[in-house]
2 protein chains.
Amino acid sequence: MNDRPIKDLLRAGAGVDLNAIDTSGTPGFSGDKHDGEKALEVGAAQLADLQERLFAASRTGGSAQSVLLVLQAMDTAGKGGIVKHVVGSVDPQGVMLHAFKRPTPEEDKHDFLWRVRPHLPGPGMLAVFDRSHYEEVLIHKVRHLSTPEQIEERYGQITAFENEVIAAGTTIVKVMLHISAEEQKARLGERLAQPEKYWKYNPGDIDEREFWPAYMDAYRIAIERTSTDAAPWYVVPADRKWYARLAVQHLLLDALSGLHLEWPPANFDVAVEKSRLAAS
Amino acid sequence: MNDRPIKDLLRAGAGVDLNAIDTSGTPGFSGDKHDGEKALEVGAAQLADLQERLFAASRTGGSAQSVLLVLQAMDTAGKGGIVKHVVGSVDPQGVMLHAFKRPTPEEDKHDFLWRVRPHLPGPGMLAVFDRSHYEEVLIHKVRHLSTPEQIEERYGQITAFENEVIAAGTTIVKVMLHISAEEQKARLGERLAQPEKYWKYNPGDIDEREFWPAYMDAYRIAIERTSTDAAPWYVVPADRKWYARLAVQHLLLDALSGLHLEWPPANFDVAVEKSRLAAS
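It should be emphasised that the depicted structure is a prediction, and the values quoted were computed from it without experimental measurement.

Rules used in this analysis
Residues numbered from 1 in each chain as written. Chains lettered and ligands numbered in written order. Predicted model: local features only at pLDDT ≥ 70, side-chain atom pairs only at ≥ 80, totals over all residues. Heavy atoms only, no water. Helix = DSSP H or I, 4+ residues; strand = E, 2+ residues; numbered from the N terminus. Buried < 20%, exposed > 50% of the residue type's maximum accessible area, 1.4 Å probe, protein only. Least-squares fit on C-alpha atoms with pLDDT ≥ 70 in both. Contact = heavy atoms within 4.5 Å. Phe/Tyr/Trp six-rings, centres within 6.5 Å; stacked < 30°, edge-to-face > 60°.

Draft legend 1. Geometry of unusual backbone geometry. Residue and element names in this part refer to chain A. One non-glycine residue, threonine 76, adopts positive backbone phi at about 75 degrees. Checked against the element boundaries, threonine 76 lands in the loop between β2 (66–73) and α3 (79–85). In this structure, histidine 260 is a non-glycine residue whose phi angle is positive, near 50 degrees. Here histidine 260 shows up in the loop between α10 (241–257) and α11 (270–279). The class for histidine 260 is exposed, based on a relative accessible area of 64%.

This is the structure in structure tokens:
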């Protein structure tokens, strides 16, 4: 990565214009795909190191710090690829991953944030939400699954909830992977062309394509209403998978670097333990 | 890997003699560390492919198949390295990982298998137990945390439990990583020599070293009493980390290959969907 920090280039909030963003762009990175893949490898080692420090600090250092990556996107935008290729490069023992599906009847009985809380990261953990509490202001708005009043109320509830999570020690990184409708069409076409990808194809995805402009509008409003200094949104151009992965990796690297993680000091007397070990 | 299949070489049951096993051996593999690391890379791609098939089969194929890897070992034997370097090579979305710690007061109120059940793999998942229900016949036996009668009863309870899990569609792979007391001493020494490893060091580990023969005896009995045709134990020599990783990877590859996983067929009309996509 070079030029301005990627987080400044991708940060989105009031006035965001999703239609004006080039979904095939590579803001902050001037190399090509090959360069991007090389850079991802370099970043993977850095991310693994920082994640281990985060984990270690919670174990013997008493730190309550943690990180939460929220991934939102239209179908096929590459959430799974981020999980596999970016999050997959760190030690699985320090990762909590949850994919939010259609709420169960039990979940529907509760406030929309109820089902989210159990999946928040514990101390030292990197949690990833594959979809999230934002579905309740996205598909719910587009498909009228909630009333306009309910949806209106949720923006404030989300901000209050996220502030509470941040106060408990969690750094939140909110990412919208932004692809074009044309790119989605090409990716769905690939799934239909390869029998080993059939299982990823869902006919309902085509129905949702009809609502593309409505989804973009719902995303715009959600980003405008919930992008805060403490938990900003990042809109990541995602037509080029290699760039999206590199960008999210660098957002995580930035979040972890900001925690100034040091290896925790020994909570025992090193000399004494060396003697005990020698005698054992 | 070459020679006889590794699973035949490492399988243990009645008559197992842990003291007679060379913990620095590399059964079934004639190469050196460099060769072993190369082989691990080759296997990683195979494992990722098979795991994706397992996951896919559960999604649209309706398969209930899953895999459970049980890892037991003395401290420093390398359970964490197996998770990071073997399990870490597959898509995190298909992995459930649980580290069993000292039971909570709530867990202690229940049968010892109660806390295990929620962590069993769902359809299509690869679950990993970092320690497991076997602690209740290992440390409990060595440290007299349960009565001899309780421990005696548990071997049968474990076998019945595992048979039930297998009947529900889960393939169980039970691994004891087997290191020597000398190798453990060296590894603890490394943790004491490097400040970035202090967080992994626990003074209690030295106390446990005193009970090494008792632990080996408890492992022997557990293996003898619970190694079944349906869920055999494998004792993996683990003084060489590269070999232990390769061996566990191959045990998993063997388990997954045995499921004869095919990509699930389309649960939609491909031609119809292609038309719908083109028109969208």
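Draft legend 2. Molecular detail of the relation of the copies chain B and chain A. For these two chains of identical sequence, chain B goes onto chain A by a turn of 180 degrees and a shift of 0.0 Å along the axis, with RMSD 0.0 Å. With respect to symmetry, the two chain copies, as superposed, fit the operation of a two-fold axis. Most of the interface of chain B is mirrored in chain A: 100% of its interface residues are interface residues there too.

Draft legend 3. Structural context of the packing of aromatic side chains. All told, the structure shown has 14 aromatic pairs over all chains when counted by the stated rule. Where phenylalanine 55 of chain A meets tryptophan 199 of chain B, the ring centres are 5.7 Å apart and the plane angle is 80 degrees; that geometry is what we call edge-to-face. Linking phenylalanine 55 of chain A in helix α2 (residues 33–59) with tryptophan 199 of chain B in the loop between α7 (181–193) and α8 (204–209), this pair reaches from one chain into another. Here the aromatic rings of phenylalanine 100 of chain B and phenylalanine 129 of chain B are separated by 4.9 Å at their centres, their planes lie at 75 degrees, and the arrangement is edge-to-face.

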